[in-house]
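Understanding the architecture of this molecule
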Amino acid sequence: MRRDKTPRSYDVAACAEEQQWCSRAAGASTCVGTLSSAAVARKPSAGSSPPSPRLLGPTFLSCEMCRHRSRRLTLVNCETVTDGGNSDSLEPWKFNVAYDKLIIASGAEASTFGIKGVKEHATFLREVHHAQEIRRRLLLNLMLSDVPGISVEEKSRLLHCVVIGGGPTGVEFSGELSDFIINDVHERYSHVKDHIRVTLIEANEILSSFDVRLRQYATNHLIKSGVRLVHGVVKDVEPHKIVLNDGTEVPYGLLVWSTGVGPSPFIRSLEFPKAPGGRIGVDDWLRVPSVKDVFSIGDCSGYLESTGKPPLPALAQVAERQGKYLAALLNRIGKEGGGYANQAADMKLGEPFVYKHLGSMATVGRYKALVDLRQSKEAKGLSLAGFVSWFIWRSAYLTRVISWRNRFYVAVNWLTTLLFGRDITRI
Ligand SMILES: Cc1cc2nc3c(=O)[nH]c(=O)nc-3n(C[C@H](O)[C@H](O)[C@H](O)COP(=O)(O)OP(=O)(O)OC[C@H]3O[C@@H](n4cnc5c(N)ncnc54)[C@H](O)[C@@H]3O)c2cc1C
């Protein structure tokens, strides 16, 4: 949105809580050292608001005292966060940011379905620091497994990597991990090559949104790469083992949780009408209809039931197109004099937002990927799997990386991995 807005129309203040990925698809690669964190983390843009502020929620004020240049002043309450929001970091600094137009795009949170122990013992794969944590844990376990006197049972536990959730993220991570084991661990940690294993646990079927032929390809490919696929539902997560619904106990050294997303506590705390699933409810123009001048896009928002539209998937392509649409809409509003607070109430907004799905891609490791260009699950269209798909996936990936700096880093990292193997230093 920042890139598409007209500079003279608006001043943009971005409040963002976390270090951002330049492309989310980078997550799996960062965990195993194919890409470095520097290559995938976005450089903070110039002119953004104070460091790492967290939105606490909007305040809608209409009292006389709050009038500002004869306009009603609306504020968001913020506080600074450091160190990923850990409680032992610096005292938060609270401040307000006034706005004429507010766009809430705070994303979603990993779903745990209330399963005991997930938050405490599993690692998610959503932010840059998650990838760094997975990497640290993986390399630590490889080192610990070499400690003299360690039992075979403990060694097997430490080196058992369990992934929960067979969606694109879980499958991509399992594929990258098995690639890492075959190409790097077998060579550099040869003493553990018979103990290290990857298990992917899924309650239904893996990659359920993909074409059935691609699903079968992915299943065969993962099994051939040494990934054990288990059909099961996790009931309980303990410090060193998970318990499935049928009572099976699965010991683990690394547990990665990737079972989809739901609304964050921040979104749940906002008293707006909600879309099905608890996201912020928006109308056809992405406005939050219950309050003036507030819009919401991306994973945190969904169509209100009254629009009669189906829910949008939690995908970057949805968020990106909504961002572009909203930038154009705000530009038009700005040009017609409705840019200030309360000035666009009776304006005609033109065409509503329409989402057209362009297809999905996922890599499964060892230079293979899936490309599904059907517009929906039921529609017909092109779908392919294998090396050509992997090439398309990587090319598309490079174009999605947000800056030339990151694009350059990513290309150099890929080349270095190809020539010298993955970086397995534990920093
Ligand atoms: C590992 C992984 C791989 C993915 N791969 C793909 C893919 O290949 N293709 C695809 O289309 N989609 C993919 N996705 C989904 C895609 O990343 C999301 O749909 C997209 O990022 C949503 O964008 P967003 O702007 O809504 O939210 P986000 O990108 O999540 O951004 C929201 C930001 O707001 C910040 N925030 C949250 N709360 C607050 C607060 N209170 N105050 C301030 N800031 C806050 C968050 O820290 C975050 O940085 C993937 C997701 C993951 C996790």
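For the structure, check the block above.
Heads up: these notes are all about the structure in this document. The shown structure was predicted, so the numbers you read here are calculated from the model rather than taken from an experiment.

A word on the sheet that holds strand 22 (residues 383-386)
- With antiparallel pairing, the 3 strands of this open sheet are ordered in space as 20-21-22. Either end of the sheet is taken by a strand with one partner, and the two such strands are strand 20 (360-365) and strand 22. Across the sheet, the axes of successive neighbouring strands diverge by a mean angle of 10°, strand direction being ignored.
- Bridging between strand 20 and strand 21 (residues 368-372) involves 5 bridges; their strand directions are antiparallel. The residue of strand 21 that forms the bridge with Ala362 is Leu370.
- Against the sheet, helix 10 (residues 387-400) makes contact with strand 20, strand 21 and strand 22, and its axis sits at roughly 75° relative to strand 21, the strand it touches most.

Points about the nonpolar core
- Ranked by size, the top nonpolar core spans 89 residues in total, and within it Ala218, Leu255, Val256, Leu326 and Leu370 carry the most contacts.
- Split by domain, the residues of this core number at least three in each of domain 1 (24-108 + 262-335) and domain 2 (111-260).
- Not counting residues within four places of it along the chain, the set of residues in contact with Leu255 comprises His121, Ala122, Thr123, Val162, Val237 and Ile242.

Observations regarding the sheet that holds strand 10 (residues 197-202)
- What the 5 strands build is an open sheet, ordered 8-15-9-10-11; its pairing is parallel. Edge positions in the sheet fall to strand 8 (123-124) and strand 11 (227-231), since each of these pairs with one other strand and no more.
- Inspection of the sheet shows strand 8 paired to strand 15 (residues 254-257) by 2 bridges, in the parallel sense. Residue pairing for strand 15: Phe124 is matched across the bridge by Trp257.
- Here helix 6 (residues 168-188) sits on the sheet in contact with strand 9 (160-164), strand 10, strand 11 and strand 15, set at roughly 170° to strand 10.

Notes on the pairing of strand 10
- Summarising the sheet, strand 9 and strand 10 pair through 5 bridges and their orientation is parallel. By the bridge assignment, Ile164 is partnered in strand 10 with Ile201.
- For the crossover that starts at strand 9, traverses helix 6 and ends in the parallel strand 10, the hand is right-handed.
- Where strand 10 lies against strand 11, 5 bridges are found, and the strand directions are parallel. Following the sheet pairing, Glu202 is matched in strand 11 by His231.
- Following the chain from strand 10 across helix 7 (residues 212-224) to the adjacent parallel strand 11, one finds a crossover that is right-handed.

Rules used throughout
Residues numbered from 1 in each chain as written. Predicted model: local features only at pLDDT ≥ 70, side-chain atom pairs only at ≥ 80, totals over all residues. Pairing = 2+ DSSP bridges. Helix = DSSP H or I, 4+ residues; strand = E, 2+ residues; numbered from the N terminus. Axes fitted to C-alpha atoms, helices over the stretch in contact; angles between N-to-C directions. Contact = placed C-beta atoms within 7 Å. Core = buried A, V, L, I, M, F, W, Y, C linked by C-beta atoms within 7 Å. Buried ≥ 20, exposed ≤ 12 C-beta atoms within 10 Å, placed from the backbone. Domains from an automatic or database assignment. Right-handed = clockwise from strand over helix to strand, strands pointing away.

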